[in-house]
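The primary structure of each chain is shown beneath.
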Amino acid sequence: GRLLALAALGGALVVVLASALGPLLRQTRELPLLGAPFLCAAWTLLPAAKALGIPMQAWALAVSAPDWLGPPIGSALTTLGALFYVANPVSGVLVLAAVLLVSPALGALALAGGGLAWGLVAVGGDATGPTLPMLAAFNGALTALILGSQTTIGSRGLAVVAGGVVAATAFSAALLWTLWPLGLPPLSAPFLLATWLVR
């Protein structure tokens, strides 16, 4: 009951925040609203949920990938599932199918963006466990998807998308180290900041 009440409050809060932030962002270099209301509402309500004693789940895989998929494909599908905060390969298949129905090119960009972010974290030698690779890959995929839908796909467009993914990966690391000690997950903040920066 407490969780349902908090969810209803979150829905109302998102509407209020969208009404307040929309005009403000339009005046600031005409930035798109994207997920800013969701992010602000989540950061407001997560501490409230903790104070109410609602158990919080860590970012964990609810369903593990079958062995025959192999780690790269299982990880890629899990990353796509994380776009809707259900980080498992089954939801990833559903998300990929939906994106491919709309645009095969955007589906490929989302996979490539997640892969690039994951690779950047691996090259950087992250020692924080699975949290940063998943966070970076999720935000990289989302950044590639949104920027890819707003640019002409050519060499310049791909460079813009790649730059956005690199920025989202850097923001993922910075925000994870900054916010995690405060008990706040970065969620989609790296994607949001990277997309605004690139625009």
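Everything discussed here concerns the structure shown above.
The rules behind the values
Residues numbered from 1 in each chain as written. Predicted model: local features only at pLDDT ≥ 70, side-chain atom pairs only at ≥ 80, totals over all residues. Heavy atoms only, no water. Helix = DSSP H or I, 4+ residues; strand = E, 2+ residues; numbered from the N terminus. Buried < 20%, exposed > 50% of the residue type's maximum accessible area, 1.4 Å probe, protein only. Contact = heavy atoms within 4.5 Å. Areas by Shrake-Rupley, 256 points an atom, 1.4 Å probe, with all protein chains shown as cover. Patch = residues over 30% accessible without salt bridge, like charges linked within 9 Å, V, L, I, M, F, W, Y side chains within 5 Å. Salt bridge = Lys/Arg side-chain N within 4 Å of Asp/Glu carboxyl O. Axes fitted to C-alpha atoms, helices over the stretch in contact; angles between N-to-C directions. Left-handed = near helix turned anticlockwise from the far one by under 90°. Nonpolar A, V, L, I, M, F, W, Y, C, P; charged D, E, K, R; others polar. Expected span 1.5 Å × (residues − 1). Core = buried A, V, L, I, M, F, W, Y, C linked by side-chain atoms within 4.5 Å.

Caption draft 1: Local environment of the overall build of the protein chain. Along its length, the protein chain carries eight helices and zero strands. Counting from the amino terminus, helix and strand elements in the protein chain follow one another as α-α-α-α-α-α-α-α. Across the 199 residues that make up the protein chain, the buried fraction comes to 41%. A sequence separation of at least 24 residues applies to 66% of the contacts in the protein chain between residues at least 6 apart. For the protein chain, the computed accessible surface area is about 10,700 Å², with 72% contributed by carbon and sulfur atoms.

Caption draft 2: Spotlight on unusual backbone geometry. A positive phi angle, close to 45°, is found at Leu34, a residue other than glycine. Along the chain, Leu34 turns up in the loop between helix H1 (2-27) and helix H2 (36-51). With phi around 50°, Leu187 is a residue other than glycine that occupies positive phi space. Residue Leu187 is classed as buried on the basis of its relative accessible area, which comes to 11%.

Caption draft 3: The arrangement of a nonpolar patch on the surface in detail. Together, Leu116, Leu120 and Val166 give the surface a local cluster of nonpolar side chains, amounting to about 210 Å² of exposed area. Following the sequence through the fold, Leu116 ends up in helix H5 (residues 104-124).

Caption draft 4: Region of interest: the environment of Ala144. With respect to the helices and strands, the residue Ala144 is situated in helix H6 (residues 131-150). On the basis of relative accessibility, which here comes to 0%, the residue Ala144 falls in the buried class. In sequence terms Ala144 and Gly113 are 31 residues apart; their C-alpha atoms lie 5.2 Å from each other. Residues contacting Ala144, with those up to four places away along its chain left out, are Leu109, Ala110, Gly113, Val161 and Val165.

Caption draft 5: Structural detail: the packing of H2 against helix H8 (residues 189-198). For the pair H2 and H8, interaxial distance at closest approach is 10 Å and the crossing angle is 145°. H2 and H8 meet at a crossing whose hand is left-handed. Along its contact with H2, which presents Ala36, Leu39 and Trp43, the element H8 presents Ala189, Leu192 and Trp196. Across the contact of H2 with H8, the residue classes break down as six nonpolar, no polar and no charged.

Caption draft 6: Here's a closer look at H5. Taking 1.5 Å per residue, 21 residues should reach 30 Å; H5 reaches 30 Å between its end C-alpha atoms and fits that length. Gly125 sits one or two residues past H5 and shows a positive phi near 70°.

Caption draft 7: Structural detail: the nonpolar core. Formed by 43 residues in total, the largest nonpolar core has its most connected members in Leu80, Leu83, Phe138, Leu145, Leu192 and Trp196. Listing elements by their share of this core, those giving two or more residues are H1, H2, helix H3 (71-82), helix H4 (89-102), H5, H6, helix H7 (155-179) and H8. In terms of residue count, the dominant contributor to this core is H6 (10 residues).

Caption draft 8: Focus on the environment of Ala18. Take Ala18: it is sitting in helix H1. By relative accessible area, which is 25% here, Ala18 ends up partly exposed. Linking Ala18 and Gly35, residues 17 residues apart in sequence, is a C-alpha distance of 9.2 Å. For Ala18, the contacting residues outside a window of four places in its chain are Pro23, Leu33 and Pro37.

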